[in-house]
Amino acid sequence: MPRLSRKKGMANNQQSGVSPFDPAHGQAATGHVPVETIAAIATAPGAGGIGVVRVSGPLVPQIAAQLLGHCPAPRHAAYLPFFQADGSLIDTGIAIYFPNPHSYTGEDVLELQAHGGTALMQILLARCIEAGARHAVAGEFTQRAYLNDKLDLAQAEAVADLINASTAEAARSAVRSLSGEFSHAIQTLLQQLIDLRMYVEACLDFPEEDIDFISQGRVLEKLQANQQTLQTIYQRAKQGALLREGMNVVLIGQPNVGKSSLLNALSGEDVAIVTPIAGTTRDTIKSVIQIEGVPLHIIDTAGLRETDDVVEQVGIARTWKAIETAQVALLLVDSQHGIGPYETGILQYLPAQIEKIWVHNKIDVSRETSRIEIREKETHLFLSAKTGLGIDALQKTLLQIVGYQPGNEGVFMARARHLQALQQVDSHLQNATMQMHAAELIAEELRSAQEALASITGEFTPDDLLGEIFSHFCIGK
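Residues numbered from 1 in each chain as written. Predicted model: local features only at pLDDT ≥ 70, side-chain atom pairs only at ≥ 80, totals over all residues. Heavy atoms only, no water.

Regarding the overall build of the protein chain
Filter applied, for reference: Numbering goes from the N terminus for both helices and strands, where a helix is a DSSP run of H or I of at least four residues and a strand is a run of E of at least two. Exposure classes here rest on a 1.4 Å probe applied to the protein chains alone. A residue is buried below 20% of its type maximum, exposed above 50%, and partly exposed in between. Residue contacts follow a heavy-atom distance rule, with two residues in contact if any of their heavy atoms lie within 4.5 Å.
A tally of helices and strands in the protein chain yields 17 helices and 15 strands. The buried share of the protein chain, reckoned over its 477 residues, is 48%. In the protein chain, once contacts between residues fewer than 6 apart in sequence are set aside, the share between residues at least 24 apart is 65%.

Concerning the packing of aromatic side chains
Keep this limit in mind: Only the six-membered ring of Trp is used, alongside the rings of Phe and Tyr, when aromatic pairs are assigned; centres must lie within 6.5 Å, and planes under 30 degrees apart are stacked while those over 60 apart are edge-to-face, with the rest tilted. Remark: a charge is flagged as sitting over a ring if the NZ atom of Lys or the CZ atom of Arg is within 6 Å of the ring centre and within 35 degrees of the ring normal.
Following the criterion strictly, the structure yields 2 aromatic pairs and no others. Summarising the aromatic geometry, the rings of Tyr146 and Phe470 are spaced 6.3 Å apart at their centres and angled 35° between planes, so their arrangement reads as tilted. Here Tyr146 is found in helix α4 (residues 140-147), whereas its partner Phe470 is found in helix α17 (residues 463-470), with 324 residues between them in sequence. The two residues Tyr146 and Phe470 agree in class, both being buried. Ring centres 5.0 Å apart and planes at 25° place the aromatic pair Phe182 and Phe412 in the stacked group. One end of the pair, Phe182, is in helix α7 (residues 181-203); the other, Phe412, is in the loop between α14 (391-402) and α15 (416-433), with 230 residues separating them in the sequence. For the pair formed by Phe182 and Phe412, the shared burial category is buried. Sitting over the ring of Phe141, Arg54 keeps its end group 5.5 Å from the ring centre.

What to know about the packing of α7 against helix α16 (residues 439-457)
Here is the rule: Axis definition: a line fitted to C-alpha atoms, limited for helices to the stretch in contact. Angles are taken between N-to-C directions and run from 0 to 180 degrees. Oblique is the label for any angle not under 35 degrees, not over 145, and not in the 65 to 115 range, which are roughly parallel, roughly antiparallel and roughly perpendicular in turn. Left-handed is the label given to a crossing in which the near helix is rotated counterclockwise from the far helix by less than a right angle, and right-handed is the label when the rotation is clockwise.
Viewed as axis vectors pointing N to C, α7 and α16 meet at an angle of 160°, and their least axial separation amounts to 9 Å. Between α7 and α16, the angle falls in the class roughly antiparallel. Handedness of the crossing formed by α7 with α16: left-handed. Contact with α7, carried on its side by Phe182, Ser183, Ile186, Gln187, Leu189, Leu190, Leu193, Ile194, Leu196, Arg197, Val200 and Glu201, involves Ala439, Ile442, Ala443, Leu446, Arg447, Ala449, Gln450, Leu453, Ala454, Ile456 and Thr457 of α16 and no other residues of that element.

Examining the pairing of strand β12 (residues 328-334)
Condition: For two strands to count as paired, DSSP must find a minimum of two bridges between them. Every crossover in which the path from the first strand over the helix to the second runs clockwise, viewed with the strands pointing away from the viewer, is termed right-handed.
For β12, the buried fraction is high: 7 of the 7 residues fall into the buried class. Relative to strand β13 (residues 355-361), β12 is paired through 7 bridges, and the arrangement is parallel. Paired with Leu330 across the two strands is Ile357, which belongs to β13. Crossover β12 to β13 through helix α12 (residues 341-347) is right-handed.

Some details on unusual backbone geometry
For the bond running from Asn100 to Pro101, omega is 0°, close enough to zero to count as cis. Residue placement: Pro101 occurs in the loop between β6 (89-98) and β7 (109-116). The residue Asp149 is not glycine, and still its phi comes out positive at about 65°. One can find Asp149 in the loop between α4 and α5 (153-164). A residue is classified by how much of its surface remains accessible, and Asp149, at 32% relative accessible area, is partly exposed. Even without being a glycine, Glu292 presents a positive backbone phi close to 55°.

Observations concerning the pattern of salt bridges
Rule in force here: Salt bridge, as applied in this entry: a Lys or Arg side-chain nitrogen positioned within 4 Å of an Asp or Glu carboxyl oxygen.
Here the structure, examined in full by the defined rule, presents 19 salt bridges. Between Arg244 and Glu245 there is a salt bridge; the shortest N-O distance is 2.1 Å. Its relative accessible area of 40% is what places Glu245 among the partly exposed residues.

Here we look at empty space enclosed by the protein
In this approach a probe as big as a water molecule rolls over the atoms, and the regions it shows empty are the leftover space. Rule in force here: Think of a 1 Å grid over just the protein atoms. A cavity is a set of points where a 1.4 Å probe fits yet cannot get out, a pocket is an open set with protein on both sides within 12 Å along at least five of seven lines, and lining residues have an atom within 4 Å of a point. Grid points are joined across faces, edges and corners, and a volume is the space filled by probe spheres set on the points. Three classes are used: nonpolar for Ala, Val, Leu, Ile, Met, Phe, Trp, Tyr, Cys and Pro, charged for Asp, Glu, Lys and Arg, and polar for all others, with Gly counted as polar.
If you walk through the whole model with that rule in mind, you get 1 cavity of 30 Å³ or more. Here the largest cavity defines a volume of roughly 40 Å³. Taken together, Ile252, Gly253, Leu331, Leu332, Glu343, Ile346 and Trp358 make up the lining of the largest cavity. For the lining of the largest cavity, the elements supplying multiple residues, two or more each, are β9 (247-253), β12 and α12. For the lining of the largest cavity, the residue count by class is 5 nonpolar, 1 polar and 1 charged.

Remarks on the nonpolar core
The condition that has to hold: What is meant by a nonpolar core is a set of buried Ala, Val, Leu, Ile, Met, Phe, Trp, Tyr and Cys residues, joined one to another through side-chain atoms within 4.5 Å.
Formed by 33 residues in total, the largest nonpolar core has its most connected members in Phe182, Leu422, Val425, Leu429, Leu446, Leu453 and Ile456. It is α16 that provides the largest number of residues to this core, a total of 9 residues. Once you skip the residues sitting within four places of it in the chain, Ile456 turns out to touch Leu153, Ala154, Glu157, Phe182, Ile186, Arg417, His418, Ala421 and Leu422. Membership of the second largest hydrophobic core comes to 32 residues, among which are Leu251, Leu262, Leu330 and Ile357.

Examining helix α6 (residues 168-179)
Just so we agree on the cut-off: Expected span, for any helix, means 1.5 Å times one less than how many residues it has. Working note: the arc is built from the helix axis to C-beta atom directions.
Relative to the 16 Å expected for 12 residues at 1.5 Å per residue, α6 spans 17 Å between its end C-alpha atoms, a close match to the ideal helical length. When α6 is considered as a whole, its buried residues turn out to be Glu169, Ala170, Ser173, Ala174, Arg176 and Ser177. Buried residues in α6, looked at end-on, bunch into an arc of 155°, giving them a common side. Just past α6, the residue Gly180 takes up positive phi, approximately 105°.

Following this line, the structure appears as structure tokens:
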């Protein structure tokens, strides 16, 4: 079922001044959809100076009265005791009441700020459950915010992305998406597509008129302009997807060519054991670093060689599994020996889509200069993992390969599904430009493009996808 029709109904209730919930019965104002009151600990697990329990739903005023003795004044921080059902004291802290629709979820919301002890938070949550709420599931608060038109789907996803951002650049991009910059760009293009589609469909009402409405309306010109706008959005979203997901880089090579040393040099710490003994790394070692705000998931693999060691054989098997999921492969060779039959033999087993960089290590021993060469369209980089000479050049090369442009202030935080939807829109617009002879085909391609674009903000998003998206949120958000 398209999400558009459901959200419109809820939005209309709010705009008319009618609460979508009936506090007396815990149901929607229409009387058809029961709405439960939910509660969860909103702060991270573990002890802290302050902990927050959040409650949302129609029973919030009653729950507040049971815990606090009365419901606090709206949007005012009240310093109050929190009571058990028998009147004993749980803690004293701050309570804030947000009546609907002026809250994060669009429902009545109560936030209880107490001392952040693990046991105390559980006691306070249990009291809220006892008073009529139920445990919230992952992402349920934000899902209710989406369903109540407080956020669109792209903004809701940005909430989780902001929480999980691993770099400062990723956090800034998530804030842009959460503030609505990404959604505004999508909605602007969406409106242009709708206007163009309406014009083309109007042309279908005059099939026998001796007028070329398609040419007269500059339909092709407008389609091409929309494609340019789409490409700008796609590039900004692609940069954001890199900030969110990062890239997987796998280190491949014979034993003792310096893979672990290179991992340590890139990460800036000794995350891998380095010895002159071949086969020291017997399993894949993962390290997350960042270059210009882009997370890099670097995987140091066991040296690929024939061995009778059972443990090392398992490590080599995991190496091939890591290679299958990597975007970039760093093929390490000893600069003293260069590329031999062993290295060229590995190439035939690598996935065709993986980007390859030949890294000639140990130039401090071979006394070569740090440089980059292009041989038969492949990049060869000469460096020393031991001294760090050439590491900067490798970092810049990695960013270039994945297409990241440092310093882009207009980047949106985006996900794989957003990029896929934008690619679908591009495909439909390209098809439309090739159908200038048939207005009905143009209209159909524009309709498909409109639906693909609207799926980003959630207007045509199926319920099963919503469940998948919000299930990855933390509980309490």
